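The residues making up each chain are set out below.
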Amino acid sequence: MKKRKMMAIALSGLMMLSAVGCGNVNDGSSSGGSSAGGSSSTASNQSSTPTSVSGGTEGAEITLWTYPIGKWGDSATVDGLIADFNAVHPEIKVTVEYLDYSNGDDQINTAIEGKQAPDIVLEGPERLVANWGARGLMVDLADLWTDEAKAAIYDSVESACKDNNGVYYEYPLCMTAHTMAINRDIFEAAGALQYIDEEKGTWTTDNFIKAVKAVYDNGQTNVGAVYCNGQGGDQGTRALVNNLYGGTFTNAAHTEYTANSEENIKALQLLLDMEGINYDASIVGGDEINMFCNGTLAMAFCWNVSQEKNNLDKINFDVLPMAFPSSGDPKLCGGIWGFGIFNNGDDTKIAAAKTFIDFMANDEKQAVESVKASNYWPVKDLGNIYEGDELMTEYAKFVPYMGDYYQVVGGWSEARTAWWNMLQQIGSGVDVKTAVEEFVTKSNAAAQGAQ
């Protein structure tokens, strides 16, 4: 039972928050079997496959590989969603492969090399657009992006789903703002709640420093971890570093990496010098989440509403979600997830894949269930899909803090690797400025090579 006082947010304003958060950029799960009103979404006759999607789909067999986006990583949930689809499109057989973030990229790269890439992947622009799309491996989804779709989907989301040449490699489904979280019980016992604004879920950099010191001095030696064993969850460490003193990860045009600014160097040095914060090269984001949930760590930098919902059975303390500490308004990393299609040279499979995507994301009833399965928010106004869900209502307050979606810059996959390597170097004693300059040099070389 949550002890924290749920903040009252008008549910009718929930979608306004999403719209505001998306205007400038840059888990209530469901089995997928029924709508909020209890009627099966398989009964929907309002599938809206665009007329421009051509090609027969009779007898098509397609593969869907999905990263663990909320309950899209749960076979029972996805089986329900596919049952909805097959009730309308029995002619298409969908086989699902479930990936995780520790080895999912390796699995897909191996499949690509073996010319066995999946037909559909559920992930985000940093993979679908900036990686596989940039490598010429994906299908242009322009025919899904009808005028109606462009009018409905938030502008910043649309922008993230296409490359610099305007080619659409992703059709979006859901979005969220990544946060951090603290163990409220530990903070309360240490007298550290005085340093945060519980109602807004914000704190200043100075108060973050004071809070960590209070928790550490109270006997919690492992307050937080700058995890850096790999790229898993790296949006948390990037947001932490960028927010502390107002640094940026890339320039506004998304053409170069800017992590070597004075602000970022100062932040990395601060974290290195703070008692209670450790650069940990033995864990990634998923490990940090487990250590937070079992009470080993007092805070988590790799967090969002889906993490809380997925770990409710493991948590025996009061979780308080927070924006990252900042010297001004926080700017959170946003997550946008949707579908992309690998070009496997089979027009029938491509047409079937587009039919599947259109049903999941655009069918009037099914889109609600598809989004709810993600435990996130829709990329267009679908109404109050989480009515009565206090946890989703609480996390909605972070959506307006979403910052620039910079994950589409060239050389992104190389930069992600260089980032955790840089953090490892700093943790092992390499001069911060030296390590950061090496990161920027490598990352910008990759960005130039991707142009």
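Remember, it's a predicted structure, so these values are computed and weren't measured experimentally. (Residues numbered from 1 in each chain as written. Predicted model: local features only at pLDDT ≥ 70, side-chain atom pairs only at ≥ 80, totals over all residues. Heavy atoms only, no water.)

A few words on the overall build of the protein chain. Counting secondary structure elements, the protein chain contains 17 helices and 11 strands. Residue burial in the protein chain is summarised as follows: out of 451 residues, 57% are buried. Total accessible area on the protein chain is roughly 17,600 Å²; 46% of this is exposed by carbon and sulfur atoms. (Helix = DSSP H or I, 4+ residues; strand = E, 2+ residues; numbered from the N terminus. Buried < 20%, exposed > 50% of the residue type's maximum accessible area, 1.4 Å probe, protein only. Areas by Shrake-Rupley, 256 points an atom, 1.4 Å probe, with all protein chains shown as cover.)

Here we take up the packing of helix H9 (residues 234-245) against helix H16 (residues 412-427). Packing of H9 against H16 leaves a shortest axis separation of 11 Å and a crossing angle of 70°. Of the possible angle classes, the one that applies to H9 and H16 is roughly perpendicular. Considering only the axes of H9 and H16, their crossing is left-handed. Two secondary-structure elements touch here, H9 through Asp 234, Thr 237, Arg 238 and Val 241 and H16 through Trp 412, Arg 416, Trp 419 and Leu 423. (Axes fitted to C-alpha atoms, helices over the stretch in contact; angles between N-to-C directions. Parallel < 35°, antiparallel > 145°, perpendicular 65-115°, else oblique. Left-handed = near helix turned anticlockwise from the far one by under 90°. Contact = heavy atoms within 4.5 Å.)

Time to look at the pairing of strand E2 (residues 93-98). Across six bridges, strand E1 (residues 61-66) lies against E2 in parallel orientation. Counterpart to Ile 62 in the pairing with E2 is Val 94. Crossover handedness for the path E1 to helix H2 (residues 75-88) to E2: right-handed. (Pairing = 2+ DSSP bridges. Right-handed = clockwise from strand over helix to strand, strands pointing away.)

Trp 72 and Met 299 are the most contacted members of the largest nonpolar core, which totals 145 residues. Ranked by residue count, the leading element in this core is helix H13 (residues 347-362), at eight residues. For Met 299, the contacting residues outside a window of four places in its chain are Met 180, Ala 181, Ile 182, Phe 187, Trp 203, Phe 208, Val 212, Val 223, Gly 224, Ile 277, Glu 288 and Phe 292. (Core = buried A, V, L, I, M, F, W, Y, C linked by side-chain atoms within 4.5 Å.)

A word on the environment of Ala 415. Residue placement: Ala 415 occurs in helix H16. Assessed through its relative accessible area of 1%, Ala 415 is described here as buried. Each C-alpha atom, one on Ala 415 and one on Ala 446, is 7.5 Å from the other, the two residues being 31 residues apart in sequence. When residues no more than four places from it in sequence are discounted, the contact partners of Ala 415 are Tyr 257, Phe 439 and Ser 443.

With that settled, consider the packing of aromatic side chains. Evaluation of the coordinates by the stated rule reveals 23 aromatic pairs. A centroid spacing of 5.3 Å and a plane angle of 85° characterise the contact between Trp 203 and Phe 208, whose relative ring orientation is edge-to-face. The same class applies to Trp 203 and to Phe 208, which are both buried. The structure contains a cluster of three or more aromatic residues connected by ring pairs, namely Phe 249, Tyr 257, Tyr 406, Trp 412, Trp 419 and Phe 439. (Phe/Tyr/Trp six-rings, centres within 6.5 Å; stacked < 30°, edge-to-face > 60°.)

Locating Asp 313 in the fold gives a position in the loop between helix H12 (305-310) and strand E9 (319-322). Considering only alpha carbons, one finds Asp 313 and Cys 293, 20 residues apart in sequence, at a separation of 9.6 Å.

All right, on to the pattern of salt bridges then. Following the criterion strictly, the structure yields 12 salt bridges and no others. Put simply, Arg 127 and Asp 105 hold a salt bridge, and the shortest N to O gap is 2.7 Å. Of this pair, Arg 127 sits in helix H4 (residues 125-133) while Asp 105 sits in helix H3 (residues 104-113), and the two are 22 residues apart along the sequence. Arg 127 sits in the buried class, given a relative accessible area of 5%. For Arg 416, the salt bridge goes to Asp 234, with nearest N and O atoms at 2.9 Å. Placement of the pair is Arg 416 in helix H16 and Asp 234 in helix H9, with a sequence separation of 182 residues. Several salt bridges converge on common partners, so that one network encompasses Asp 105, Glu 123 and Arg 127. (Salt bridge = Lys/Arg side-chain N within 4 Å of Asp/Glu carboxyl O.)

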